[in-house]
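Reading the structure
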Amino acid sequence: MNSDRNPWLWIPTLYFAEGIPYFIVNNISVVMFKNMGMPNGMLALYTSLLYLPWVIKPLWSPFVDIIRSKRWWIISMQVLMSAAMFMLPFFLPQATGEAIKDTPLFFVTLSLFWITAFASATHDIAADGFYMLGLDSGTQSEFVGIRSTFYRLSSIFGQGVLVALAGMVETRTGDVHHAWKLTLALSAMMFSVITLYHTWSLPRPSADRMSSDMTAKEIFMDFGRTFVTFFRKRNVLIAMLFMLRYRLPE
């Protein structure tokens, strides 16, 4: 068991990495296309569905628990997101205004955002599960505030620093496309460095076992049992209503 690695070496960066793609997909994409002159109605139509993977991720979260290890999912999704982010600057459409949607590159860009969104939602599932496996209950309590803090810092970085950087470059060059290409490229480089760091820093808890030897039938049976077991919990409907109403103001 290699779960005795200092939590400070991986929890801050893991939860910072959890937030970055979320804010790039759901916030920076909106600011970027709006900055390129896309009308509000079109903007809402094409970007609102990018949030969908985080809404429906419970549909495949049991597969993350059943297939492979949480550590494998974390590293794999970070590699996939790094690749998608690196491709974004090269496929950014040059058109502006309503003409953006008429360029094939626009739909390639949307597809890359979608890939990042699904990978990020999957990464969230694995990261939260890995946090439970990599720490004992006492240390979990100690680092609840730390992981939340670094997730919020990723929000400030994603919605503040990156947007400000794009604005500064556009002001100096007068080229909105160059500004966002540079911003997205720097984001991809930073995220790739974090990914490489995690290949070393993430511990290997003995409880984080791989289940890839299961047959397809066993996987789907286990998937079904997961949902049945969840809804058999005592007062589960009351708990769900509480969680939904707790997040309602957001």
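Presented here is an overview of the structure given in this document. (Residues numbered from 1 in each chain as written. Predicted model: local features only at pLDDT ≥ 70, side-chain atom pairs only at ≥ 80, totals over all residues. Heavy atoms only, no water.)

Right, let's talk about the overall build of the protein for a bit. Counting its regular elements, the protein contains 11 helices and 0 strands. Across the protein, helices and strands are ordered from the amino to the carboxyl terminus as α-α-α-α-α-α-α-α-α-α-α. Its C-alpha atoms give the protein a radius of gyration of 20 Å, near enough to 18 Å, the size a compact globule of 250 residues would have. Counting only C-alpha atoms, the protein reaches 55 × 40 × 35 Å along its principal axes. Within the span of the protein, comprising 250 residues, buried residues form 44% of the whole. Within the protein, residue pairs in contact and separated by at least 24 positions form 84% of the contacts whose partners lie at least 6 positions apart. For the protein, the exposed area adds up to about 13,300 Å²; of that, 66% sits on carbon and sulfur atoms. Taken together, the 20 basic and 16 acidic charged side chains of the protein have centroids lying 4 Å from each other. (Helix = DSSP H or I, 4+ residues; strand = E, 2+ residues; numbered from the N terminus. Rg over C-alpha atoms; globule rule 2.2 N^0.38 Å. Buried < 20%, exposed > 50% of the residue type's maximum accessible area, 1.4 Å probe, protein only. Contact = heavy atoms within 4.5 Å. Areas by Shrake-Rupley, 256 points an atom, 1.4 Å probe, with all protein chains shown as cover. Lys, Arg positive; Asp, Glu negative; His and termini not counted. Charge placed at Lys NZ, Arg CZ, Asp CG, Glu CD.)

Another point: the packing of helix α5 (residues 70-91) against helix α6 (residues 104-134). To describe two helices that pack against each other, one gives the angle between their axes and the distance between the axes. At a minimum axis separation of 8 Å, α5 and α6 run at an interaxial angle of 160°. The orientation of α5 relative to α6 falls into the category roughly antiparallel. As for how α5 packs across α6, the hand of that crossing is left-handed. In terms of residue class, the contact of α5 with α6 is built from 20 nonpolar, 7 polar and 2 charged. (Axes fitted to C-alpha atoms, helices over the stretch in contact; angles between N-to-C directions. Parallel < 35°, antiparallel > 145°, perpendicular 65-115°, else oblique. Left-handed = near helix turned anticlockwise from the far one by under 90°. Nonpolar A, V, L, I, M, F, W, Y, C, P; charged D, E, K, R; others polar.)

In an α-helix, one turn spans 3.6 residues, which is why side chains three or four residues apart end up on the same side. The set of residues buried in helix α2 (residues 40-47) consists of M42, L43 and T47. Seen end-on, α2 carries its buried residues on one side only, within an arc spanning 105°. The exposed residues of α2 that point more than 90 degrees off its buried face are G41 and L45. Those residues of α2 that are buried are in contact with α1 (11-35). (Arc of directions from axis to C-beta.)

Next up on the list: unusual backbone geometry. Although it is not a glycine, R68 sits at a positive phi angle of roughly 65°. Here R68 is to be found in the loop between α4 (61-66) and α5. Despite not being glycine, N235 has its phi angle at roughly 60°, a positive value. Its place among the elements puts N235 in the loop between α10 (216-231) and α11 (236-246).

Here we take up the packing of α1 against α6. Where α1 meets α6, the closest approach of the two axes is 10 Å, and the angle between their N-to-C directions is 155°. Considered as vectors, α1 and α6 are oriented roughly antiparallel to each other. In the crossing of α1 with α6, the sense of the turn from one axis to the other is left-handed. Side by side, α1 and α6 meet where I11, L14, Y15, A17, E18, P21, Y22, I24, V25, S29, M32 and F33 of the first sit next to F106, T109, L110, F113, T116, A117, S120, H123, D124, A127, D128 and Y131 of the second. Of the residues in the contact of α1 with α6, the class split is 16 nonpolar, 5 polar and 3 charged.

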